[in-house]
Amino acid sequence: MSVYKTENFKITRKIVSNMTAQSWEEIPHATMTYEADATELLEEIKRLNDERAQGEDKITINTVMLKIICEGLKAAPKMNTTLDFNRKLVRGTLKYHDQIDISMPMILHTGEMMTVNMHDMGSKTLTEMTCAINDTVRRANNSNLEEVMYEVSIDNTLTGLKQGKILQAIRRLYGSKMPGKHQVKVLSGKAKKEYYSIPEKDRLTKRDIEQGTTTVSNLGSIYREQKGFCALLEIIPPQTTAFAVNAVQKRAVVVTDENSNDKIEVRKIIPITIAIDHRALDYGDCVGFFKRLDEIFANPSLIRDWK
């Protein structure tokens, strides 16, 4: 078998591979899927956009789904936590957060993928969420991804040193700075000066890349023709939950009419995959989340309260 191409990891892939490897090494994942009947919700979103003033940004399905997940997390606050766990001493501390900061993967205009931190999404209206996402996309497209990720990598290494992870820090520095094909290439000289002359309001900074309190991936926005749903997704420590919003799909569904008769209809379903860290959460801790989603999808006009 011949090799026709080799590709060495850049810093973004290095960070992703390291974090996901840590996830599967440390976290006992438990996953479930919520199949949301979004038929009426999608119609409500269309009506909401039709009523918006000319020139206003449209509210996307992605934004509404982010808001719905935030509402679910408010009803199940244990799902918006981070975990500090020491297996050797069998000690764990669960930290509850009053803000919902969503780590959200996005595709840049270069085709590269990066995960950004959408801060305090739980308190924002749909319009504010739309503006925040659009502004982050704008700044991301002005940013040097390698440079931003290098800043994050250095910060993580220094944090590790403060926590006594000296060997890990040495290995990371060796792996990134040693000359050769695996060396991390960052800006220098004039190019670096020009890049950092861009105001921070116009580019991403370390704050935009830092860990959120949970992760939400919208797979449907990447491939709308997706069939089925995500079965497994990794939780990035110290987060205790992760979500995947799948593509809208037509399904044959049993519907109960006003006379309590069951019938089969073609409905528009959005599967939502939920992963939890079983060290921190049990299924019962998620019931509030599911009940809140039941309420929203049964009464989609509720989204008007969020606009």
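Scroll up for the structure.
All figures in this text were calculated on a predicted structure; none of them were measured in a lab. (Residues numbered from 1 in each chain as written. Predicted model: local features only at pLDDT ≥ 70, side-chain atom pairs only at ≥ 80, totals over all residues. Heavy atoms only, no water.)

**Considerations on the overall build of the chain**
- When helices and strands are counted, the chain shows ten helices and nine strands.
- Expressed as a percentage of its 307 residues, the buried residues of the chain come to 42%.
- Within the chain, counting contacts between residues at least 6 apart in sequence, those at least 24 apart form 69% of the total.
- Accessible area of the chain: about 17,400 Å², with a carbon and sulfur share of 52%. (Helix = DSSP H or I, 4+ residues; strand = E, 2+ residues; numbered from the N terminus. Buried < 20%, exposed > 50% of the residue type's maximum accessible area, 1.4 Å probe, protein only. Contact = heavy atoms within 4.5 Å. Areas by Shrake-Rupley, 256 points an atom, 1.4 Å probe, with all protein chains shown as cover.)

**A short note on the packing of aromatic side chains**
- All chains considered together, the criterion is met by six aromatic pairs.
- Aromatic pair Tyr 195 and Tyr 196: ring centres 5.1 Å apart, planes at 80 degrees, arrangement edge-to-face.
- Exposure remark for Tyr 196: the relative accessible area of 29% places this residue in the partly exposed category.
- By way of ring pairs, the aromatic residues Tyr 34, Phe 243, Tyr 283, Phe 289, Phe 290 and Phe 297 are connected into one cluster.
- The ring of Tyr 195 has Arg 203 sitting right over it, with the charged end atom 5.4 Å from the ring centre. (Phe/Tyr/Trp six-rings, centres within 6.5 Å; stacked < 30°, edge-to-face > 60°. Lys NZ or Arg CZ within 6 Å of the ring centre and 35° of its normal.)

**Some details on the layout of surface pockets**
- Approximately 280 Å³ is the volume attributed to the second largest pocket.
- Among the elements of the structure, helix 1 (11-26) and helix 5 (145-162) are those that each provide at least two residues to the lining of the second largest pocket.
- Counted by class, the lining of the second largest pocket contains three nonpolar, two polar and five charged residues. (1 Å grid on protein atoms, 1.4 Å probe; cavity = no way out; pocket = protein on both sides within 12 Å on 5 of 7 lines; lining within 4 Å. Points joined across faces, edges and corners; volume = space filled by probe spheres on them. Nonpolar A, V, L, I, M, F, W, Y, C, P; charged D, E, K, R; others polar.)

**Here we look at a nonpolar patch on the surface**
- A contiguous nonpolar patch, built from Ile 107, Met 113, Ile 222 and Tyr 223 and spanning about 410 Å² of accessible area, is present on the exposed surface.
- With respect to the element layout, Met 113 can be found in strand 5 (residues 113-118).
- Residue Met 113 is classed as partly exposed on the basis of its relative accessible area of 30%. (Patch = residues over 30% accessible without salt bridge, like charges linked within 9 Å, V, L, I, M, F, W, Y side chains within 5 Å. Salt bridge = Lys/Arg side-chain N within 4 Å of Asp/Glu carboxyl O.)

**Some remarks on the nonpolar core**
- Among the nonpolar cores identified, the biggest contains 62 residues, and Leu 41, Ile 68, Met 79, Met 114, Ile 274, Phe 289 and Phe 297 are the most heavily contacted of them.
- For this core, the leading source of residues is helix 3 (residues 61-75), giving seven residues.
- When sequence neighbours within four positions are dropped, the list of residues in contact with Leu 41 reads Val 64, Met 65, Ile 68, Phe 297, Pro 300 and Ile 303.
- Within the second largest apolar cluster, seven residues are counted, among which are Ile 27, Leu 233, Ile 235 and Ala 244. (Core = buried A, V, L, I, M, F, W, Y, C linked by side-chain atoms within 4.5 Å.)

**Focus on the pattern of salt bridges**
- One pass over the structure, following the stated rule, counts 22 salt bridges.
- A salt bridge links Arg 139 to Asp 208; the shortest N-O distance between them is 3.0 Å. Of this pair, Arg 139 sits in helix 4 (residues 126-140) while Asp 208 sits in helix 8 (residues 206-209), and the two are 69 residues apart along the sequence. The same class applies to Arg 139 as to Asp 208, namely buried.
- Between Glu 265 and Arg 267 there is a salt bridge, and its shortest N-O distance comes to 3.3 Å.
- Where salt bridges share partners, they join Asp 135, Arg 138, Arg 139, Lys 201, Asp 202 and Asp 208 into one cluster.

**What to know about the side chain of Asp 277**
- Structurally, the position occupied by Asp 277 is in strand 9 (residues 262-277).
- A polar contact is formed between the side chain of Asp 277 and the side chain of Arg 279, at a distance of 2.8 Å.
- With sequence-adjacent residues up to four places away left out, Asp 277 is seen in contact with Ile 27, Pro 28, Leu 83, Ile 235, Gln 239 and Thr 240. (Polar contact = N/O pair within 3.5 Å; in protein donor to acceptor, adjacent residues only side chain to side chain.)

**Notes on unusual backbone geometry**
- With an omega dihedral of 10 degrees, the bond running from Pro 237 to Pro 238 counts as a cis peptide bond.
- Checked against the element boundaries, Pro 238 lands in the loop between helix 9 (219-222) and strand 7 (241-245).
- A positive phi is found at Asp 120, a non-glycine position, where the angle reads about 50 degrees.
- Assignment of secondary structure puts Asp 120 in the loop between strand 5 and helix 4.
- According to the relative accessible area criterion, Asp 120 is partly exposed, its value standing at 22%.

**Structural notes on the environment of Leu 66**
- For Leu 66, the position within the fold is in helix 3.
- Here Leu 66 falls in the buried class, since its relative accessible area comes to 1%.
- Each C-alpha atom, one on Leu 66 and one on Met 121, is 8.2 Å from the other, the two residues being 55 residues apart in sequence.
- The residues contacting Leu 66, other than those within four sequence positions of it, are Ile 102, Met 104, Met 121, Met 129, Ile 133 and Val 216.

**A closer look at helix 10 (residues 287-298)**
- The end-to-end C-alpha distance of helix 10 is 16 Å, a good match for the 16 Å that twelve residues give at a rise of 1.5 Å each.
- For helix 10, the set of buried residues is Phe 289, Phe 290, Arg 292, Leu 293, Ile 296 and Phe 297. For helix 10, the angular spread of the buried residues around the axis is 160 degrees, confining them to a single face. Structural note: helix 10 exposes Lys 291 and Ala 298 on the side pointing more than 90 degrees away from its buried face.
- Close packing links the buried residues of helix 10 with strand 1 (29-37), helix 2 (39-50), helix 3, strand 7 and strand 9. (Expected span 1.5 Å × (residues − 1). Arc of directions from axis to C-beta.)

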